[in-house]
Amino acid sequence: MHHVHQFHKSDTLTKQRRVTTGARRINDSDQKLIALRAVMDSWTTIIATIGAILIFSCIVKLVEGIKAVGSLPGLRIPAEPLSILGILLPETEWNPGLLFTWTWRKNRNVYRHYGRDTVSIVPFIHGSPTLHTRSMEVTRQVISAGHNSGAFGKTSSMGRALLRTVNKIWVGEQWRKYRKIATPAFNNETYAFVWEVSKKLYAEMVSVEGWYSKDVIEVPSIQALTFKFTLVIFASVGFGFPFTWSSSPARQGDMAVRECFETIVRTNIFAIIAPAWAWKLPFEWVRRTRHAYDTMRAFMQSQVSARRKDMRSESKKKAARDIFSLLVQASENKGGKMGLDDKEVIGNMFSLMLAGHETTAYTLSATLGFLALNVGLQDEIAAQVQEVTRESDNGVLPLEDYGKLDKVLAAFYEGTRLFPSGVFLIREAKQDTILNVSDGGESRILPVKKGTHIVVDMVGIQPEEFRPSRWYKKNQGDANEKEELSESEEYTAFSVGPRSCIGRKFATTEAMCFLASLLRDWRVEPLLAMKPDGKVETQDEWRERVMQATISFTMGIKNVPLRLVRRV
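Residues numbered from 1 in each chain as written. Predicted model: local features only at pLDDT ≥ 70, side-chain atom pairs only at ≥ 80, totals over all residues. Heavy atoms only, no water.

Draft legend 1. Main features of the sheet that holds strand 13 (residues 562–566). Taken together, the three strands give an open sheet; going across it, the order is 5-13-10, and neighbouring strands pair in antiparallel fashion. With one partner strand each, in any of the chains shown, strand 5 (216–219) and strand 10 (522–526) form the two edges of the open sheet. The sheet shows a mean angle of 20° between the axes of neighbouring strands, direction not considered. Relative to strand 13, strand 5 runs antiparallel, the two sharing four bridges. Bridge assignment links Ile217 to a residue of strand 13, and that residue is Leu564. Relative to strand 10, helix 13 (residues 342–372) is tilted by about 85°, and along the sheet it contacts strand 10 and strand 13. (Pairing = 2+ DSSP bridges. Helix = DSSP H or I, 4+ residues; strand = E, 2+ residues; numbered from the N terminus. Axes fitted to C-alpha atoms, helices over the stretch in contact; angles between N-to-C directions. Contact = heavy atoms within 4.5 Å.)

Draft legend 2. A look at the pattern of salt bridges. The tally for this structure, following the rule as stated, stands at 19 salt bridges. When the shortest N-O distance is used, the salt bridge between Asp379 and Arg523 registers 3.5 Å. Residue Asp379 is found in helix 14 (residues 375–390), and its partner Arg523 is found in strand 10; the two are separated by 144 residues along the sequence. Classification of Asp379 as partly exposed rests on a relative accessible area of 27%. Arg523 sits in the partly exposed class, given a relative accessible area of 27%. Taken together, the shared-partner salt bridges in this structure form one network comprising Asp379, Arg523 and Arg567. (Salt bridge = Lys/Arg side-chain N within 4 Å of Asp/Glu carboxyl O. Buried < 20%, exposed > 50% of the residue type's maximum accessible area, 1.4 Å probe, protein only.)

Draft legend 3. Representation of the packing of helix 13 against helix 15 (residues 406–418). Look at helix 13 against helix 15: their axes get within 8 Å of each other, and the N-to-C directions meet at 110°. In terms of orientation, helix 13 lies roughly perpendicular with respect to helix 15. From helix 13, Thr360, Thr363, Leu364, Thr367 and Phe370 reach across to helix 15, where they touch Ala411, Phe412, Gly415, Thr416 and Leu418. Taken together, the residues of the contact of helix 13 with helix 15 sort by class into five nonpolar, five polar and no charged. (Parallel < 35°, antiparallel > 145°, perpendicular 65-115°, else oblique. Nonpolar A, V, L, I, M, F, W, Y, C, P; charged D, E, K, R; others polar.)

Structural data, given as structure tokens:
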């Protein structure tokens, strides 16, 4: 019995221990659960606090932004469309996108929606409060009067972003020096040279492309021709580089310079906004982009060295007056007021060549696209060209007849007006100031806070109809009656104010020669595509598909497919 009693006692103790151990385990689990809940509660509190702070800061930013634009009606969105965040995020109703004034111009036109020519955009997460205007009166106040008074100036933040792309270009206050150095290269002698080189290059293009033996030519993208044409012209005339239609120099047999430009144009948004570490990402397109910039930099450095050597030689005592030579001459005076270092020379070379050929190429493509849709207008322009060339030997276009081709020039002006390369003119209020704006048809004084951005919308500033006749001479018999277009406030495609485009006559000269030569020989038609249902698209469908804006270094037009039919 004693042994049985001991056994039961032992068994009871064992059970008690098990219960105690189990209780301890439950208590430990409870404690862990309680601790976990405490941690979660603390994180919830932290997240809620951070969220409340962010919401509060967004509200404060929104309220301050509305005050900065004088409570002017407009968009209230997370990020300013021209900010880095606005560019990176996909286009939605809450993120209009970089070209929203173009993409929204028909169905969601902000000016029409708010019933005024100047509207505000106030971001509540990222970016500065901004005024967008299509008013020429406000433009004059900001660009001309604002520049003279110091109330408005170039925005420094965008200048810093662009500096990443081309080292040193025409931004900040240095633009005055750069412009003063380059201006002597843009003269009548240069324009005459541009005209002659353009005529020869057009003939070379026709020969190399094999057009002489063809009556119909299909061009999947006219940009393939216009970009090549304008690059060769600007590189050979402005910089003296040995470019021709069939060849361009390469860096030690590697990527061709023309290929570098194509890569840089496609990836320039990445170049502007990407941090330094992004350039080292192991992606093929990043590697190719980096290689294109490195190749261009090396090519330009070699050209600077070669030109400097030529200019120092005894046989080159007479100073050349092309853009490149003037920049290199300035680099020889590094310590002087107008001196440049090599980075500035290369940066200016790069920006001038890129912007100088891309803008004209896009405009030529847009102009030909519009003319393809307006056969009667195209034939009217071609008739003028044929009438002018009939009086010359072998149908050539002498520079003396430039003024007689006003319909060709007007068509190009319309192309630049409807697809302006500089889609925005951006200025920043350098001090608290005011603007006189139209509010529902009535004039009002709008207070503008220091730091507010003012964006002149070059797309919204003019009507959308392609009508070159708006630039024709009012009285065809009186050549003096036509206003010089470059001085007209109505014409804003080459910018306005003291920073208007220095190369506008260069661009119009090469464009005039190209258009006159092409329209003299060929009728331009839309190259219609086949739809999925097997039917050929209509011209209206072609227009809707093709005549759309795109953005690279500047605003341009999407690929324009054309059909060229020989004139008889």
